[in-house]
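This is what each chain is made of:
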Amino acid sequence: MKGSVVAVIFVVINIIAITVFMTVVSVSIRKSIINEEELSRASLNKIIEIYSNKNIASINYYNAVSVIPRLDIYVLNSLSNYIRRINLINADKTLIEKPITFQEFQYLQARIQENIDRINYTARNYPILRTNENYIKALSEIRPIIEEEKKAIEIYNNHITEYNKLTSMPPSSIVAGIMGKFPFLTFETGTNIISQTSHIFD
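For the structure given in this document, a descriptive report is provided here. (Residues numbered from 1 in each chain as written. Predicted model: local features only at pLDDT ≥ 70, side-chain atom pairs only at ≥ 80, totals over all residues. Heavy atoms only, no water.)

Overview of the packing of aromatic side chains
Reasoning step 1: What the rule picks out here adds up to 9 aromatic pairs.
Reasoning step 2: A centroid spacing of 6.4 Å and a plane angle of 90 degrees characterise the contact between F105 and F187, whose relative ring orientation is edge-to-face. Taken as a pair, F105 in helix 3 (residues 99-123) and F187 in the loop between helix 6 (172-179) and helix 7 (190-201) lie far apart in primary sequence, 82 residues in all.
Reasoning step 3: With a relative accessible area of 3%, F105 lands in the buried category.
Reasoning step 4: Ring centres 5.0 Å apart and planes at 10 degrees place the aromatic pair Y163 and F184 in the stacked group. Residue Y163 is located in helix 5 (residues 133-168), and its partner F184 is located in the loop between helix 6 and helix 7; the two are separated by 21 residues in the primary sequence. Here Y163 matches F184 in class, with each residue buried.
Reasoning step 5: A connected cluster of aromatic rings, assembled from ring pairs, spans Y51, F102, F105, Y156 and F187. (Phe/Tyr/Trp six-rings, centres within 6.5 Å; stacked < 30°, edge-to-face > 60°. Helix = DSSP H or I, 4+ residues; strand = E, 2+ residues; numbered from the N terminus. Buried < 20%, exposed > 50% of the residue type's maximum accessible area, 1.4 Å probe, protein only.)

Focus: unusual backbone geometry
Reasoning step 1: With an omega dihedral of 5 degrees, the bond running from P170 to P171 counts as a cis peptide bond.
Reasoning step 2: Here P171 lies in the loop between helix 5 and helix 6.
Reasoning step 3: One non-glycine residue, R70, adopts positive backbone phi at about 65 degrees.

Observations concerning the packing of helix 3 against helix 7
Reasoning step 1: Remark: helix 3 packs on helix 7, axes separated minimally by 9 Å, with the N-to-C direction vectors making an angle of 120 degrees. Here the hand of the crossing between helix 3 and helix 7 comes out left-handed. The residues of helix 7 that touch helix 3, namely those facing I100, Q103, E104, Q106, Y107, A110, R111 and E114, are G190, I193, I194, T197, S198 and F201.
Reasoning step 2: Its residues placed into classes, the contact of helix 3 with helix 7 shows 6 nonpolar, 5 polar and 3 charged. (Axes fitted to C-alpha atoms, helices over the stretch in contact; angles between N-to-C directions. Left-handed = near helix turned anticlockwise from the far one by under 90°. Contact = heavy atoms within 4.5 Å. Nonpolar A, V, L, I, M, F, W, Y, C, P; charged D, E, K, R; others polar.)

Observations regarding the packing of helix 5 against helix 6
Reasoning step 1: Viewed as axis vectors pointing N to C, helix 5 and helix 6 meet at an angle of 90 degrees, and their least axial separation amounts to 5 Å. It follows that helix 5 is roughly perpendicular to helix 6 by the angle criterion. Touching K165, L166, T167 and S168 of helix 5 are S172, S173 and A176, all from helix 6.
Reasoning step 2: The residue inventory of the contact of helix 5 with helix 6, partitioned by class, reads 2 nonpolar, 4 polar and 1 charged. (Parallel < 35°, antiparallel > 145°, perpendicular 65-115°, else oblique.)

A look at the nonpolar core
Reasoning step 1: Membership of the largest hydrophobic core comes to 53 residues, with the highest contact counts inside it found for Y61, I119 and L129.
Reasoning step 2: Put simply, the parts of the chain that give this core at least two residues each are helix 1 (2-65), helix 2 (73-86), helix 3, helix 5, helix 6 and helix 7.
Reasoning step 3: With 12 residues, the single largest contributor to this core is helix 5.
Reasoning step 4: The residues contacting I119, other than those within four sequence positions of it, are Y61, V65, L71, V75, L76, L79 and L129. (Core = buried A, V, L, I, M, F, W, Y, C linked by side-chain atoms within 4.5 Å.)

Some points on the environment of S28
Reasoning step 1: Here S28 lies in helix 1.
Reasoning step 2: Residue classification places S28 among the partly exposed residues on the basis of a relative accessible area of 41%.
Reasoning step 3: S28 sits 144 residues away from S172 along the chain, and the two C-alpha atoms are 9.7 Å apart.

Concerning the environment of P183
Reasoning step 1: With respect to the helices and strands, the residue P183 is situated in the loop between helix 6 and helix 7.
Reasoning step 2: Along the backbone, P183 and L166 are 17 residues apart, and their C-alpha atoms lie at a distance of 8.5 Å.
Reasoning step 3: Aside from chain neighbours lying at most four places away, what touches P183 is Y163, N164, T167 and S168.

Remember that the coordinates give geometry; whether it matters functionally is a separate question.
Pasting the structure below:
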């Protein structure tokens, strides 16, 4: 009888200990998920802020190069079209929650950069463009923004990678599921996003 009581007490203590441990672990995981989500959203807001500046700089760039004679009209029209389309997207803190819109945002930004790169490549062998004061001014305005953009995207993707691990891999994914938290998209650029989504957004 005495042994049975001891066994029951032992089981109860273990259950309490496991419950306390699981509670502590769950609280810790919950805090980690919330923290990484907040950091991800904050870094996305920074990207959106940078792209807001880049959109203005892209318009100035287009205005500078569009009056240069003998530039590829297809590239100019493409640049103009993508700038117009990007300004139709309401890019705010909820963008991360709208996968299709988020991908379209990434796609259009990549296309804008692609066409700017094409024009800049042309400038190497086109003195009229390369020496144009308005072009030089527009280029000097957009180049620092492009560098900012790269750094901000790297920071965002680092946070998203950590957040996605927490929300997709057990045991933290179980806690995430209870919280209603699920993985978010990383921010793709260049040919990556173009090859993935051109059949959707072209």
